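Given next are the chains, with one letter for each unit.
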Amino acid sequence: QVQLVESGGGLVQPGGSLRLSCAASGFTFSRYAMSWYRQAPGKEREFVAAMTLAGGFTTYADSVKGRFTISRDNAKNTVFLQMNSLKPEDTATYYCKTTLARVEHWGQGTQVTVSS
């Protein structure tokens, strides 16, 4: 079955960096777009970034543009989110997502806390 497993979250000071990973299995990873979302306490889940199957097109939420970079390694079935210049408002649980035959699949999430 489809599995998405995020890792790489943690506690970081404002201005710091983290690199999130999402390991995928159970489907042909290279054929599908991948995306990252996040959900802060008391808020709705929101879009962060997405990348097409070949990595030729990326899109970002305005709030992270210029600071976050999405990338993928199709040989390792993994999508990454490099997060730089982190701010306290980036604190959230981060999820990766893919959609297969109109069915959304989500990982369990990884917690990112930005605090001094």
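**Student:** Describe the overall build of the protein chain, with residues and values.
**Tutor:** From N to C terminus, the protein chain includes 0 helices and 11 strands. Starting at the N terminus and ending at the C terminus, the protein chain contains elements arranged as β-β-β-β-β-β-β-β-β-β-β. Here the protein chain has a C-alpha radius of gyration of 13 Å; the compact-globule value for 116 residues is 13 Å, and the two agree. Expressed along its principal axes, the backbone C-alpha trace of the protein chain runs to roughly 40 × 25 × 20 Å. Of all 116 residues assigned to the protein chain, the portion counted as buried reaches 42%. Of the roughly 6,200 Å² that the protein chain leaves accessible, carbon and sulfur atoms contribute 48%. Charge centroids of the protein chain, computed over 12 positive and 8 negative side chains, lie 6 Å from each other.

**Student:** Give a detailed account of the packing of aromatic side chains, specifying residues and quantitative values.
**Tutor:** The way to describe two aromatic rings as a pair is by their centre distance and the angle between their planes. Going through the model one piece at a time under the given rule, you end up with 5 aromatic pairs. An angle of 85 degrees between the planes, with centres 6.4 Å apart, marks the rings of Y95 and W106 as edge-to-face. Of this pair, Y95 sits in strand β9 (residues 92–100) while W106 sits in strand β10 (residues 103–106); the two residues are 11 residues apart in sequence, bridging distant segments of the chain. Looking at Y95, the relative accessible area reads 12%, which means it is buried. Its relative accessible area of 30% is what places W106 among the partly exposed residues. Every member of this aromatic cluster is reached through a ring pair, and the members are Y37, F47, Y95 and W106. The ring of W106 carries the charged tip of R45 above its face, separated from the ring centre by 4.5 Å.

**Student:** An account of the nonpolar core is requested, with residue identities and associated values reported.
**Tutor:** The biggest cluster of nonpolar side chains holds 29 residues, and the ones touching the most others in it are W36, L81, M83 and Y94. For this core, the elements supplying multiple residues, two or more each, are β3 (18–25), β4 (34–39), β5 (46–51), β7 (68–73), β8 (78–83), β9 and β11 (110–114). The contact partners of Y94, leaving out residues within four places of it in the chain, are E6, L20, W36, Y37, R38, V48, F68, L81, M83, G109, T110 and V112.

**Student:** Outline the environment of R31, supporting the account with residue identities and numerical values.
**Tutor:** With respect to the helices and strands, R31 occurs in the loop between β3 and β4. When the C-alpha atoms of R31 and L100 are compared, they prove to be 9.8 Å apart, with 69 residues separating the residues in sequence.

**Student:** How would you explain the sheet that holds β8 if you had to name every residue and give the values?
**Tutor:** Spatial strand order, β1-β3-β8-β7: 4 strands in an open sheet with antiparallel pairing. Sheet topology places β1 (3–7) and β7 at the edges, where each strand pairs with a single neighbour. Here the strands of the sheet are splayed against their neighbours by 15 degrees on average, with no regard to which way each runs. Where β1 lies against β3, 5 bridges are found, and the strand directions are antiparallel. Looking across to β3, one finds that S7 is bridged to S21.

Thresholds, definitions, all that
- Residues numbered from 1 in each chain as written.
- Predicted model: local features only at pLDDT ≥ 70, side-chain atom pairs only at ≥ 80, totals over all residues.
- Heavy atoms only, no water.
- Helix = DSSP H or I, 4+ residues; strand = E, 2+ residues; numbered from the N terminus.
- Rg over C-alpha atoms; globule rule 2.2 N^0.38 Å.
- Buried < 20%, exposed > 50% of the residue type's maximum accessible area, 1.4 Å probe, protein only.
- Areas by Shrake-Rupley, 256 points an atom, 1.4 Å probe, with all protein chains shown as cover.
- Lys, Arg positive; Asp, Glu negative; His and termini not counted.
- Charge placed at Lys NZ, Arg CZ, Asp CG, Glu CD.
- Phe/Tyr/Trp six-rings, centres within 6.5 Å; stacked < 30°, edge-to-face > 60°.
- Lys NZ or Arg CZ within 6 Å of the ring centre and 35° of its normal.
- Core = buried A, V, L, I, M, F, W, Y, C linked by side-chain atoms within 4.5 Å.
- Contact = heavy atoms within 4.5 Å.
- Pairing = 2+ DSSP bridges.
- Axes fitted to C-alpha atoms, helices over the stretch in contact; angles between N-to-C directions.

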